[in-house]
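Structural features, examined
Single-letter residue listing:
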Amino acid sequence: MAEIVINGLTKRYPNGFEAVKDLTLDIGEGELLVLVGPSGCGKTTALRMIAGLEEISDGDLYIGGQRMNDVLEKDRDIAMVFQNYALYPHMTVAQNIAFSLKIARRPRAEIKRRVHETAQLLAIEEMLDRRPKQLSGGQRQRVAMGRAIIRQPQVFLMDEPLSNLDAKLRVQMRGEIDALQKRLAVTTVYVTHDQVEAMTMGDRVAVLRDGKLQQVDTPFQIYERPANLFVASFIGSPPMNLAEAAIKQTKDGLTVSLGEAEIAIPHELAARNSLDAWVGKSVIAGIRPEDIYEVTRKTAKLQAAMQVKIDRVEALGASLLGYFSVDAAAPRAESVSAIPAEEVLSEAPLTGTSGTSFCAIFEPRAMLKIGDTTEVALDLSRLHFFDPETDASLLAEDEPEKKKKPEAKKK
Amino acid sequence: MTATPTTLPASVPARSRPGWRRVKKARAPAIKYTALLIFAVIILMPVYILIVTGFKGVAETDPAHAWALPHLWTTSAWRQAWDQLSPNMMNSLELAIPATILSTVLGCLNGFALSKWRFPGANIVFTFFLFGMFIPYQAVMIPLTELLAKLQFPAQLPRLALAHIIYGIPITTLIFRNYYATIPEDLMESSRMDGAGMLRTLWSVVLPISVPAFVVTMIWQFTSIWNDFLFAVFIITDPSQYPVTVALNNTTGSLVSAYDLQMSAALLASLPTLVVYILLGRYFMRGLMAGALKG
Amino acid sequence: MKNIRRWGPGLLLVSPSIILIAIFVYGLIGWNIKVSLSNWRQAQPTSHYAGLGAYRDLAHDAQFRLTLAHLLIFTIVFALGTLIIGWTLALLLDKGVKGEGFFRAVYLFPMAISFIASGIVWRWLMNPAPGDRTTGLNALFDKIGLHSLSNQWYLNDHSVVFGIRSWGMAAMALPAIWALSGYVMALYLAGFRGVPEELREAARMDGASELRVYRHVVFPHLKPVTLAALIIIGHISIKVFDLMVAIGGKQWFTQTPAVYMWIQIYDSSDYAKGAAIATLLLLLISILVIPYLIYTVRAERRS
């Protein structure tokens, strides 16, 4: 068990392409850090640099205080779980699990004992004599885990270990890996493109895009306080609704005009986002689908309401997703994660509606149909604002109540 | 028209199919089989001649009985061929077995390093090897015989074996490299993460799953070395060390009409490769594919 | 440095072969060129530089020019024959027939036999003897009433076509076609089978007849196979030696440059001239193979 310190880690290929750019991260002892991002964001390359499978072009890597840049992968005391498991096809499960110990020339009795313990831990004892070909996907996954666990290494690296499993098994294994990691308390770096995995498993989540670190924080903070448009749109499903909006000064305070709606901004929210500086300018306003309500008897107090026409409905059972168009420009396609930039075919969506499509999570029994007009309200305290030029969140770096409280105690 | 059967989508009802089409459909496989059989007969024709003539007595090998079966089956030609060729067949075995094994081992090491334990410039090295597969060996033959003559080998056969090992490197490397290209990269990485170095990875992870490549390469090399004439005729000057191809050419070349002996000798000299081929033909086919720079 | 610790062992593993290939392929090619430029034109080796004398001799050597004409005709007939037959066999087998394994094995088995051994049978089959001594294929033709097909085989040199009196070489290509058609079939069969079944199905769903599926979907996929087959057959053809020796010995009517080189060395002890012929053969093959190798390695890197 050791902490990992990554300082300015860069991967540059001979053709000049930088897969990972100046990545700086501290991963605490026993922590499970998830590296998440869309495909091609450099997360696997970063993991492979930690593993030693990929040369580090620039920057430093320390594991347990020791600089590892020039240490061969086999001497780093790291175990890795591969996306395709990489089980040795000619070896039995027991031999697969024991391989690293055999190479380390551990006594035979010890190997036997540890294989047994590991198998017990993973409930694969009956499979020890089988070959990888005779196992199901989930069983192979466990063997791959076993091969990593048995070494009791300083660090676990996991490269999309669940992406080859079907959806239900993935949920189950997610929980198992998480529990196992907590129990063994081995520092773990976990790579995934699946934001649900990232949110559910990570002690902290690091979001990468185009080789650059976007934000690293606890899942809660990443969700509640996304640092920029990309993180806001990448984390959360359905993603945050985002559209251009203008900030105006009225006699009662600031308002934000989102399409036809003119919404008064609570003072505290305006202050937190320093919106005074944006009066008369455009920002990108964001609201998560679950923060949009259908106006009924119960809800309608402070929230700004707007009339919307439902263009599409997705009944998911536990909830009902309603889509409607807001007459405001969408943020630049390259700023958000929804679709990779090269896949954007045209500005206008196929539905033919103008403006920006918003999604709201309604009550499952909302009984809404396509074409219905309804009134929705936004939970104003949960509005997000972003700089349309830099994509950065306007939320002040230091949230007053969070930073000041401990200080006050000290005084 | 093509001889392949025309398959209609299953959804088309049978009665809507034009009648002529149904006729053609029935006839197509027959035409196809006839064509395939004719080709097979043509290709087997020399074998018929080899066997039939080999069992004839000298008297029957005259033009009048050219294509007929022997009236009197006799093995005298076979015995004569065996007496003449058996020492040379032993030479060929002594040559082909070690040369096959060594060139295969080299090919395995090279193929592994060039595809799974790569170093900068591995592709250039591979191209540099590959060209050696295509060169006409005549272009190295004069200096090669001179150079080998200078080596202090007690006998000539090891010199020939050395030549076969060296000039076999390109093809054996190619076969192994193409085979290893199909092994997932993460198996190597996993082994490295498990703490294994290169030799350990080769020995414990790669070799146990290389059996098909070994079989293909060894069949290919054994066949090539057994059948080689060019290297042998240049390098071997001592008749007692002639491999079977050279001996066969000398025996039959000097005879004008003893067809029974010629044919039985030719078949006898081809038996080892034929046996290998009949037993392991499937792998042979795979070897051919690899030889075509595929994969 | 970590770099070299990572890839050093791999290079070390290949280095014996690199050294062997460097010496025995590239070094000896250089040495051979040096011999071709020397005055080693007798049994006693000498290594004095003598310029292009041997090459000049070859340019004026009518027999050498004839061997080049032989090689040209042999190559054309050999390549066309193997490609057409190999392609046809692959097409016949493509859809899968009962006994495919048997047919494949039969078509391929000549690959396992040396040209020295098969040459003996083919010398008998293509026996040009006339009259009472008619045997081999000519006898077979007579027997089945196709006397008009009887011919002089490799002695067919009397007809002058394109100014070349060497059409016997076309007959010499028959054993080579016999030996390697199966090989080309194997290449084409792999090519046919490499066309994704979905592509064929998509074309059928688009209403294409089976003929059109082949014409527009399958055949365009075979271009790389044809190129590979041409390169392989071409280089085998340029190197061909033992087949000629087995059938014609050292006689002029089956001489190719490779045989002529052997004769120069063994009968005339003209090493410089032999080396010059070998160098020209290498040049010929390089023109054929080097662009192909570059193309192949590049294509592989792209994928």
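Here the structure is a predicted model, which is why all the values come from computation and not from measurement.

Focus on the overall build of chain C
- Across its full length, chain C holds 13 helices and zero strands.
- Scanning chain C from its N terminus toward the C terminus, one meets helices and strands in the order α-α-α-α-α-α-α-α-α-α-α-α-α.
- Overall, the C-alpha framework of chain C stretches about 80 × 75 × 35 Å when taken along its three principal axes.
- Every one of the 303 residues in chain C was classed for burial, and the buried ones make up 46%.
- Here the analysis covers contacts within chain C between residues at least 6 apart in sequence; of these, 66% occur between residues at least 24 apart.

Things to note about the interface of chain B and chain C
- On the side of chain C, 83 residues touch chain B, which itself brings 76 residues to the contact.
- The set of elements that each furnish at least two residues to the side of chain B that touches chain C consists of α1 (19–54), α2 (76–115), α3 (122–134), α4 (138–150), α5 (156–180), α8 (211–227), α10 (244–254) and α11 (259–291) of chain B.
- Ranked by the residues each element gives to the side of chain B that touches chain C, the list is headed by α11 of chain B, at 14 residues.
- Residue classes in the side of chain B that touches chain C are distributed as 54 nonpolar, 19 polar and three charged.

Re the interface of chain B and chain A
- Taken together, the contact pairs 15 residues of chain B with 17 residues of chain A.
- For the side of chain B that touches chain A, the secondary structure elements donating two or more residues are α6 (185–193) and α7 (198–206) of chain B.

Some thoughts on α4 of chain B
- Between its first and last C-alpha, α4 of chain B extends 19 Å over 13 residues, near the 18 Å set by a 1.5 Å rise per residue.
- Among the residues making up α4 of chain B, those that are buried are Gln-138, Ala-139, Val-140, Met-141, Ile-142, Pro-143 and Leu-144 of chain B.

Comments concerning the domain arrangement of chain A
All names here are of chain A.
- Along its sequence, chain A is carved into domain 1 (4–233) and domain 2 (234–402).
- For domain 1 versus domain 2, the separation of C-alpha centres amounts to 36 Å.
- With 15 residues of domain 1 in contact, the opposing surface of domain 2 contributes 21 residues.
- Those elements that place two or more of their residues in the side of domain 1 that touches domain 2 are α6 (195–201), α7 (219–224) and α8 (229–234).
- Here the side of domain 1 that touches domain 2 is composed, by residue class, of eleven nonpolar, three polar and one charged.

Here we look at the sheet that holds strand β10 (residues 212–217) of chain A
Residue and element names in this part refer to chain A.
- Spatially, β6-β7-β8-β3-β9-β10 is the arrangement adopted by the six strands of the open sheet, whose pairing is mixed. Among the strands making up the open sheet, the edge pair consists of β6 (78–81) and β10. Each strand of the sheet is rotated relative to its neighbour by a mean of 15°, with strand direction disregarded.
- Where strand β3 (residues 32–36) lies against strand β8 (residues 187–192), five bridges are found, and the strand directions are parallel. Pairing of Leu-33 across the sheet is with Val-189, part of β8.

Comments concerning the sheet that holds strand β20 (residues 384–386) of chain A
Residue and element names in this part refer to chain A.
- Strand order in this open sheet of five strands is β13-β12-β11-β14-β20, and the pairing throughout is antiparallel. If you trace the sheet from one side to the other, it starts and ends with β13 (261–264) and β20, each paired once. Between one strand axis and the next, the sheet turns through 40° on average, direction left out of account.
- In the sheet, strand β12 (residues 253–258) pairs with β13 via four bridges, with the strands oriented antiparallel. Note that in β13 the partner of Thr-255 across the bridge is Ala-264.

Notes on the pairing of β6 of chain A
Residue and element names in this part refer to chain A.
- Burial of the side chains of β6 extends over both faces: Ile-78 and Met-80 are buried on one face and Ala-79 and Val-81 on the other.
- One ladder, built from four bridges, connects β6 with strand β7 (residues 155–159); its direction is parallel. Looking at the pairing, Val-81 lines up with Met-158 of β7.

Brief notes about helix α10 (residues 223–239) of chain C
Residue and element names in this part refer to chain C.
- In this model α10 runs 24 Å from its N-terminal to its C-terminal C-alpha over 17 residues, within 8% of the 24 Å that 1.5 Å per residue would give.
- Restricting attention to buried positions, one finds in α10 the residues Val-225, Ala-229, Ile-231, Ile-232, Ile-233, Ser-237, Ile-238 and Lys-239.
- As for α10, its buried residues are in contact with α3 (62–94), α7 (168–193), α12 (257–266) and α13 (271–302).

Some thoughts on the confidence of the model for chain A
- Of the residues in chain A, 90% have a pLDDT of 70 or more, and the chain-wide mean is 86.
- Per-element averaging of pLDDT across chain A places helix α10 (residues 400–410) of chain A at the bottom with 40 and β8 of chain A at the top with 96.

Regarding the packing of helix α2 (residues 93–103) of chain A against helix α3 (residues 108–122) of chain A
Residues and elements named next belong to chain A.
- Where α2 contacts α3, the two axes come as close as 10 Å, and the packing angle between them is 130°. By the angle between their directions, the pair α2 and α3 is classed as oblique. Pair α2 / α3 crosses with right-handed handedness. Across from Ala-94, Ile-97, Ala-98, Leu-101 and Lys-102 in α2, the residues of α3 making contact are Ile-111, Arg-114, Val-115 and Thr-118.
- Across the contact of α2 with α3, the residue classes tally to six nonpolar, one polar and two charged.

With respect to the pairing of β10 of chain A
Residue and element names in this part refer to chain A.
- With five bridges joining them, strand β9 (residues 204–209) and β10 adopt antiparallel strand pairing. Note that in β10 the partner of Val-207 across the bridge is Gln-215.
- Hairpin remark: β9 followed by β10, antiparallel, with two residues in the connecting loop; positive phi at Asp-210, about 50°.

With respect to unusual backbone geometry
Residue and element names in this part refer to chain A.
- For the bond running from Ser-237 to Pro-238, omega is -5°, close enough to zero to count as cis.
- Locating Pro-238 in the fold gives a position in the loop between α8 and β11 (241–250).
- For Ala-86, which is not glycine, the phi torsion reads 50° and is therefore positive.
- Assignment of secondary structure puts Ala-86 in the loop between β6 and α2.
- Although it is not a glycine, Ala-185 adopts a positive phi angle of roughly 55°.
- On the secondary structure map, Ala-185 appears in the loop between α5 (167–184) and β8.

Comments concerning the environment of Tyr-242 of chain B
Residue and element names in this part refer to chain B.
- With respect to the helices and strands, Tyr-242 occurs in the loop between α9 (230–235) and α10.
- Residues Tyr-242 and Leu-85 lie 157 residues apart in sequence; the distance between their C-alpha atoms is 9.9 Å.
- Among residues more than four places away in sequence, those in contact with Tyr-242 are Asn-88, Asn-91, Ala-232, Ile-236 and Ala-247.

Considering the nonpolar core
- By size, the foremost hydrophobic cluster in this structure holds 296 residues, and its most contacted members are Val-34, Leu-35 and Leu-157 of chain A together with Ala-266 of chain B.
- The element contributing the most residues to this core is α7 of chain C, with 17 residues.
- Here Leu-157 of chain A is in contact with Leu-47, Ile-50, Ala-51, Ile-78, Met-80 and Val-189 of chain A, once residues within four sequence places are set aside.

Digging into the environment of Met-193 of chain B
- Mapped onto the fold, Met-193 of chain B is located in helix α6.
- Apart from the residues within four sequence positions on either side, Met-193 of chain B is in contact with Ala-51, Glu-73, Ile-78, Ala-79 and Met-80 of chain A.

What about the packing of α5 of chain B against α8 of chain B?
Residues and elements named next belong to chain B.
- Closest axis-to-axis distance for the α5/α8 pair is 10 Å, and the angle between their directions is 150°. Between α5 and α8, the angle is such that the two are roughly antiparallel. As for how α5 packs across α8, the hand of that crossing is right-handed. Where α5 approaches α8, its residues His-164, Gly-168, Ile-171, Thr-172, Ile-175, Phe-176 and Tyr-179 are matched on the opposing element by Pro-212, Ala-213, Val-216, Thr-217, Trp-220, Gln-221 and Ile-225.
- Considered class by class, the residues forming the contact of α5 with α8 number nine nonpolar, five polar and no charged.

Section: the confidence of the model for chain C
- Chain-level statistics for chain C give a pLDDT mean of 87 and a share of 95% at 70 or above.
- Reported confidences for the modelled complex are a pTM of 0.87 and an ipTM of 0.89.

Thoughts on the environment of Ala-261 of chain A
- Looking at where Ala-261 of chain A falls in the secondary structure, it is placed in strand β13.
- Separated by 66 residues in the primary sequence, Ala-261 of chain A and Asp-327 of chain A place their C-alpha atoms 9.2 Å from one another.

Each value, and the rule that gives it
- Residues numbered from 1 in each chain as written.
- Chains lettered and ligands numbered in written order.
- Predicted model: local features only at pLDDT ≥ 70, side-chain atom pairs only at ≥ 80, totals over all residues.
- Helix = DSSP H or I, 4+ residues; strand = E, 2+ residues; numbered from the N terminus.
- Buried ≥ 20, exposed ≤ 12 C-beta atoms within 10 Å, placed from the backbone.
- Contact = placed C-beta atoms within 7 Å.
- Nonpolar A, V, L, I, M, F, W, Y, C, P; charged D, E, K, R; others polar.
- Expected span 1.5 Å × (residues − 1).
- Domains from an automatic or database assignment.
- Pairing = 2+ DSSP bridges.
- Axes fitted to C-alpha atoms, helices over the stretch in contact; angles between N-to-C directions.
- pLDDT = per-residue confidence, 0-100.
- Parallel < 35°, antiparallel > 145°, perpendicular 65-115°, else oblique.
- Left-handed = near helix turned anticlockwise from the far one by under 90°.
- Core = buried A, V, L, I, M, F, W, Y, C linked by C-beta atoms within 7 Å.

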